[in-house]
Amino acid sequence: MITLYDYLPSQNAWKVRQLLHHLQRPYRVEIVSIFEGRGQDPEYLGVNPTGAVPAIRLEDGRVLAESNAILWYLSQGSRYCPAEPFAAAKVLQWLSFEADYVQSSIGSLRHWTLTGKLPARPPAMVASRVSASEKALRILDRELAGRAFIAGDDYTIADISIFAYAHLAEDARVSADAYPHFRAWVGRIRSQDGFLAERYDYAIDPHSSNELP
């Protein structure tokens, strides 16, 4: 059975939980208390060199980190990643977009906001992340005006990945009101069979106000 190294408030970890739920694939969980520094334990650094979550350990002992890499691996041969090379490359394109334009802006800004770290960040840095978040939503809204899902006509791991943080832009105090196509897409994702509506606030972790080591 796969082991998922998890931290419940992490939307990156949610991505993996969501795909495993879609695939109806059983797994066991090990919680990594990242704000207490457990991600930096030597044993865990052997699983994920960055000390972050999520990561997985396969039945044969091999380990894999980074949420989008895990999605790619687990989705092979399933309906959530196309087999045709160009269509698969389009999924990879949007996984890269998620890492470069969504997670680094909305994800970071949301984390700072919900854990009380925003006042400690330089105003220019915060303004830059807000601008980048709005740019990401504009791009998504424009692209989704012409198709149902981000990489084409079908729901894929690219949608799972982008949805994880993008649909929580309001948590980062970035409004999605001006992006109707994006908001309609959010509704389509939520209506997928097996959608995991679970969400865990940072408030469940009394250590989350700490800076990550």
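Please refer to the structure higher up on the page.
Residues numbered from 1 in each chain as written. Predicted model: local features only at pLDDT ≥ 70, side-chain atom pairs only at ≥ 80, totals over all residues. Heavy atoms only, no water.

1. Re the nonpolar core
Then, number 1: Counting 49 residues, the largest nonpolar core has Leu140, Phe182 and Trp185 as the members making the most contacts within it.
Then, number 2: Breaking this core down by element, the ones donating at least two residues are β1 (2–6), α1 (11–23), α3 (67–75), α4 (85–114), α5 (123–144), α6 (157–166) and α7 (180–190).
Then, number 3: In this structure Phe182 touches Leu137, Leu140, Asp141, Leu144, Ala166, His167 and Ala176, once residues within four positions along its chain are discounted.
Then, number 4: With 11 residues, the next largest nonpolar core counts Tyr7, Phe35, Ala65 and Tyr202 among its residues. (Core = buried A, V, L, I, M, F, W, Y, C linked by side-chain atoms within 4.5 Å. Buried < 20%, exposed > 50% of the residue type's maximum accessible area, 1.4 Å probe, protein only. Helix = DSSP H or I, 4+ residues; strand = E, 2+ residues; numbered from the N terminus. Contact = heavy atoms within 4.5 Å.)

2. Overview of the side chain of Ser33
Then, number 1: Looking at where Ser33 falls in the secondary structure, it is placed in the loop between β2 (27–31) and α2 (42–45).
Then, number 2: The residues touching Ser33, leaving out its near neighbours within four places in the chain, are Arg38 and Gly39.

3. Quick look at the packing of α4 against α5
Then, number 1: The geometry of α4 relative to α5 is characterised by a closest axis approach of 9 Å and an angle of 135° between their N-to-C directions. It follows that α4 is oblique to α5 by the angle criterion. Crossing angle aside, the handedness with which α4 passes α5 is left-handed. Listed contacts from α5 to Trp94, Phe97, Tyr101, Val102, Ser104, Ser105, Ile106, Ser108, Leu109 and Trp112 of α4 are Met125, Val126, Arg129, Val130, Ala132, Ser133, Lys135, Ala136, Leu137, Ile139, Leu140 and Glu143.
Then, number 2: Its residues assigned to classes, the contact of α4 with α5 comprises 15 nonpolar, four polar and three charged. (Axes fitted to C-alpha atoms, helices over the stretch in contact; angles between N-to-C directions. Parallel < 35°, antiparallel > 145°, perpendicular 65-115°, else oblique. Left-handed = near helix turned anticlockwise from the far one by under 90°. Nonpolar A, V, L, I, M, F, W, Y, C, P; charged D, E, K, R; others polar.)

4. Quick notes on the packing of aromatic side chains
Then, number 1: This structure, assessed with the given rule, holds 12 aromatic pairs.
Then, number 2: Between Tyr7 and Phe35 the ring centres are 5.8 Å apart and the planes differ by 65°, which places this aromatic pair in the edge-to-face class. Of this pair, Tyr7 sits in the loop between β1 and α1 while Phe35 sits in the loop between β2 and α2; the two residues are 28 residues apart in sequence, bridging distant segments of the chain.
Then, number 3: You can call Tyr7 buried: its relative accessible area is 5%.
Then, number 4: Ring-pair connections join several aromatic residues into one group, and the members of that group are Trp14, Phe163, Phe182, Trp185 and Phe195. (Phe/Tyr/Trp six-rings, centres within 6.5 Å; stacked < 30°, edge-to-face > 60°.)

5. With respect to the pairing of β1
Then, number 1: Counting buried positions along β1 gives five out of five residues, so the element sits mostly inside the fold.
Then, number 2: Going residue by residue along β1, you find Ile2, Leu4 and Asp6 tucked away on one face and Thr3 and Tyr5 tucked away on the opposite face as well.
Then, number 3: Bridging between β1 and β2 involves five bridges; their strand directions are parallel. Residue pairing across strands places Ile2 opposite Tyr27, the latter belonging to β2.
Then, number 4: Regarding the hand of the β-α-β motif, the stretch spanning β1, α1 and β2 is right-handed. (Pairing = 2+ DSSP bridges. Right-handed = clockwise from strand over helix to strand, strands pointing away.)

6. Some remarks on the pattern of salt bridges
Then, number 1: One pass over the full model with this rule turns up 10 salt bridges.
Then, number 2: Note that Lys15 is salt-bridged to Glu98, the shortest N-O span being 3.1 Å. Taken as a pair, Lys15 in helix α1 and Glu98 in helix α4 lie far apart in primary sequence, 83 residues in all. Side by side, Lys15 and Glu98 carry an identical accessibility label, which is buried.
Then, number 3: Glu211 is the partner of Arg121 in a salt bridge, and the nearest nitrogen-oxygen pair spans 2.9 Å. Remark: Glu211 occurs in the segment after α7 and Arg121 occurs in the loop between α4 and α5; sequence separation between them is 90 residues.
Then, number 4: Looking at Glu211, the relative accessible area reads 44%, which means it is partly exposed. (Salt bridge = Lys/Arg side-chain N within 4 Å of Asp/Glu carboxyl O.)

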